[in-house]
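# Report on the structure
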Amino acid sequence: MDKVPVITIDGPSGSGKGTLGRALARELGWHFLDSGALYRLVALAALDRGIPLDDAPALARLARELDVRFDVDSDAVWLDGTPVGDRLRTEEVGNAASRVAALPAVRAALLDRQRAFRQPPGLVADGRDMGTVVFPDAAPKFFVTASVAERARRRVAQLREKGMDADPEAVAAEIAERDRRDRERPVAPLRPAEGAVRIDTTGKRIDESLAEMRAHLAGSAPGA
Ligand code: DC
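Sequence positions are assigned chain by chain, starting from 1 and proceeding in written order. Restriction of local features to residues with pLDDT of at least 70 applies here, the model being predicted, together with a cutoff of 80 or more for giving and counting side-chain atom pairs; totals for whole chains, interfaces and linings are based on all residues. Side-chain metrics rest on all non-hydrogen atoms present in the structure, leaving aside hydrogens and water.

## As for the packing of aromatic side chains
Note the following rule: In this analysis, rings of Phe, Tyr and Trp, with Trp reduced to its six-membered ring, are considered paired at centre separations within 6.5 Å, and the interplanar angle assigns stacked below 30 degrees, edge-to-face beyond 60, and tilted for intermediate values. Elements are defined by DSSP. Helices are runs of H or I of four residues or more, strands are runs of E of two residues or more, and each kind is numbered from the N terminus. Per-residue accessibility, obtained with a 1.4 Å probe over protein chains only, is compared with the maximum for each type, and a residue is labelled buried under 20%, exposed over 50%, and partly exposed between these values. Here, over-ring charges are defined by two tests on the NZ atom of lysine or the CZ atom of arginine: distance to the ring centre within 6 Å, and angle to the ring normal within 35 degrees.
Throughout the structure, instances matching the rule amount to one aromatic pair. Consider the rings of Phe70 and Phe117, whose centres lie 5.9 Å apart with planes at 70 degrees: the pair is edge-to-face. Taken together, the positions of Phe70 in strand 3 (residues 68-71) and Phe117 in the loop between helix 5 (104-115) and strand 6 (123-127) put the pair 47 residues apart, joining distant regions of the chain. We classify Phe70 as partly exposed; its relative accessible area is 28%. Stacked on the ring of Trp78, the Lys or Arg Arg69 has its end atom at 4.1 Å from the ring centre.

Given below as structure tokens:
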């Protein structure tokens, strides 16, 4: 039986779950799984290789065979030996990822890959279905949210930092559309796991939300 402890952090993009999860993993000295990056990598490779985003068998094969490497410290990602850089985080790749993520064959192909991240002393897993599907025995499970307006503001600020301009209304519309697709898909839809602790980061600083999470960890003794 697998006893390595897992804390799951699910929620929509821009909710702050990635930042919170990384900070928590660092504090605990645990591994970190950015499962969204796996879906993004499949999407990126599909776009580059001209594989249609609805060709489920070809995409599932890609998901199984991709040579992926993560460096937790620098947050760098390699695909087939080449660093992928900022492209992984673009809207183009995010939207394509949301489409490939709706395909059951792709999700199934990524299951073992995700579970392989469960290594001692523990894992913090960030995604949409970490607590519901991939690590149902995790404890505690967090569900992190923020209003669409706040998430759009954060995304625009992020893009501007990288020198890209963005229309906040268009970004908000895209976020709402991606949420809808992630929530309404029949397989592993975005929803809180049973018993999940909800953290709303709207109007809060990272350290305030982290303190909320720490308070829950103290109460539930992860890894016990
Ligand atoms: O968290 P993110 O924005 O990097 O995720 C990219 C897409 O991948 C997102 O639209 C939904 C999908 N995804 C998923 O379906 N399941 C996960 N566990 C993580 C991400």
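Still to come is the rest of the account.
## Concerning unusual backbone geometry
With an omega of 5 degrees, the peptide bond between Pro120 and Pro121 qualifies as cis. The residue Pro121 is located in the loop between helix 5 and strand 6 in this model. With an omega dihedral of -5 degrees, the bond running from Ala139 to Pro140 counts as a cis peptide bond. Non-glycine residue Asp80 carries a positive phi angle of around 50 degrees. Relative to the helices and strands, Asp80 is located in the loop between strand 4 (76-79) and strand 5 (82-83). Even without glycine at this site, Ala188 takes up a positive phi of about 45 degrees. Among the structural elements, Ala188 can be located in the loop between helix 8 (168-184) and strand 8 (197-200).

## Some points on the environment of Arg40
The following threshold applies: Here a polar contact is recorded for every N or O atom pair within 3.5 Å, except that within protein the pair must consist of a potential hydrogen donor and a potential acceptor, and residues adjacent in sequence are included only if both atoms are side-chain atoms.
Assignment of secondary structure puts Arg40 in helix 2 (residues 35-49). You can call Arg40 buried: its relative accessible area is 14%. In this structure, the C-alpha to C-alpha distance between Arg40 and Gly14, residues 26 residues apart in sequence, is 15 Å. Polar contacts involving the side chain of Arg40 include one to the main-chain carbonyl oxygen of Leu88, which spans 2.9 Å.

## Re the confidence of the model for the protein
The condition that has to hold: The predictor attaches a confidence to each residue, called pLDDT, with possible values from 0 through 100.
Per-residue confidence for the protein gives a mean pLDDT of 91; residues scoring 70 or more make up 97%. Here strand 3 is the element of the protein with the lowest mean pLDDT, 86, and strand 1 (residues 6-10) is the one with the highest, 98.

## Some remarks on the pattern of salt bridges
Filter applied, for reference: Every case where a carboxyl oxygen of Asp or Glu lies within 4 Å of a side-chain nitrogen of Lys or Arg is listed as a salt bridge.
Scanning the model with the defined rule gives 23 salt bridges in all. Its salt-bridge partner being Arg22, residue Asp34 comes within 3.4 Å of it at the nearest N-O pair. Pair noted here: Asp34 is in strand 2 (residues 31-34) and Arg22 is in helix 1 (residues 17-28), with a separation of twelve residues, a long-range link. Among the residues examined, Asp34 registers a relative accessible area of 10% and is labelled buried.

## Looking at the site of the ligand
This is how the line gets drawn: One heavy atom suffices: a residue is near a molecule or strand as soon as one of its heavy atoms comes within 4 Å of it. Accessible surface area values rest on a Shrake-Rupley calculation with a 1.4 Å probe, where residue burial reflects the displayed protein chains alone. Each residue receives one of three labels: charged for Asp, Glu, Lys and Arg, nonpolar for Ala, Val, Leu, Ile, Met, Phe, Trp, Tyr, Cys and Pro, and polar for the others, Gly being one of them.
Surveying the vicinity of the ligand reveals 17 residues, the closest of which are Arg40, Arg107, Arg128, Asp129 and Arg185. In this structure, Ser35 approaches the ligand through a side-chain N or O atom, which is 3.0 Å from a nitrogen atom. The side chain of Arg107 places a nitrogen or oxygen atom 2.8 Å from an oxygen atom of the ligand. Considering the ligand on its own, with 450 Å² of exposed area, one finds that the protein chains cover 97% of that surface. The set of elements that each furnish at least two residues to the shell around the ligand consists of helix 2, helix 4 (91-100) and helix 8. Per-element accounting of the shell around the ligand gives the leading share, four residues, to helix 2. Grouping the amino acids of the shell around the ligand by side-chain chemistry returns four nonpolar, five polar and eight charged.

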